[in-house]
Amino acid sequence: MFKIKIMPIYMLLFVLFTSITAACDSAKNDEGEEYIMPLIEVIKSDLLHVDGIDVQFADGNKMSITDSKTIQDIILRIKSIRLRETNSKGVGYLYFLDLKEGDKTYRFDSSLTFDGKTYEAIDDSVKELNDFIIKMGKDKIPGLLPGVEDSQG
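Not measured: the values here are computed from a predicted model.

## Topic: the sheet that holds strand β1 (residues 37-38)
Then, in step 1: With antiparallel pairing, the four strands of this open sheet are ordered in space as β1-β4-β8-β7. At either margin of the open sheet sits one strand with a lone partner, and together these are β1 and β7 (113-114).
Then, in step 2: Sheet topology places β7 next to strand β8 (residues 117-121); two bridges connect them, and they run antiparallel. Across the sheet, the residue bridging to F114 is K117, located in β8.

See below:
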């Protein structure tokens, strides 16, 4: 009789343990990798009302973007970026982007550092954004980032 009363306790502990384990695993994808999230989730904004973008390049040059079509082109690229947190730190940055949305400013750099955390892209979307920003900068600022070429040409 003693074994029969203890068995439900073991079953309860087993169910509780598997539930906790399943909840912890929900932050990982099917391959056991860290949780993948869109960049807009990391910066906690849908970026629907960005009205200006300031770019600070690593060589000290600056560029302001106020053209709504160009802003939307950049926002579309940003929204396609999917990330996962990483412990490795980048070796530097090519630029900072300050996305101005009303009285809020969202800053991130080309090495994907936000609020002291470093992320890595899971595809080429960041490279495409970097190429776009660098090409636009080189078109407007002669001699920008000498030695740095965009990978599209």
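There is more to say, and it comes next.
## Points about the pattern of salt bridges
Then, in step 1: Tallying each qualifying case throughout the model produces six salt bridges.
Then, in step 2: Two residues, K100 and D54, come together in a salt bridge whose shortest N-O distance is 2.6 Å. Note that K100 is positioned in strand β5 (residues 95-101) and D54 in strand β2 (residues 52-57), a separation of 46 residues in sequence.
Then, in step 3: Judged by its relative accessible area of 22%, D54 is partly exposed.
Then, in step 4: Its salt-bridge partner being D139, residue K135 comes within 3.1 Å of it at the nearest N-O pair. Taken together, the residues K135 and D139, both in helix α4 (residues 125-140) and four residues apart, mark about one turn of the helix.
Then, in step 5: Under the relative-accessibility criterion, D139 is labelled exposed at 58%.

## Quick notes on helix α3 (residues 68-79)
Then, in step 1: Taking 1.5 Å per residue as the helical rise, α3 with its 12 residues ought to reach 16 Å, and the 16 Å between its terminal C-alpha atoms agrees with that figure.
Then, in step 2: Those residues of α3 that sit buried are T70, I71, I74, I75 and I78. The buried residues of α3 occupy an angular sector of 135° when projected down its axis, which confines them to one face. Away from the buried face of α3 by more than 90 degrees, exposed residues K69 and L76 are located.
Then, in step 3: On its buried face, α3 sits against α2 (39-42), β2, β3 (62-65), β5, β6 (104-109) and α4.

Rules of the game
Residues numbered from 1 in each chain as written. Predicted model: local features only at pLDDT ≥ 70, side-chain atom pairs only at ≥ 80, totals over all residues. Heavy atoms only, no water. Pairing = 2+ DSSP bridges. Helix = DSSP H or I, 4+ residues; strand = E, 2+ residues; numbered from the N terminus. Salt bridge = Lys/Arg side-chain N within 4 Å of Asp/Glu carboxyl O. Buried < 20%, exposed > 50% of the residue type's maximum accessible area, 1.4 Å probe, protein only. Expected span 1.5 Å × (residues − 1). Arc of directions from axis to C-beta. Contact = heavy atoms within 4.5 Å.

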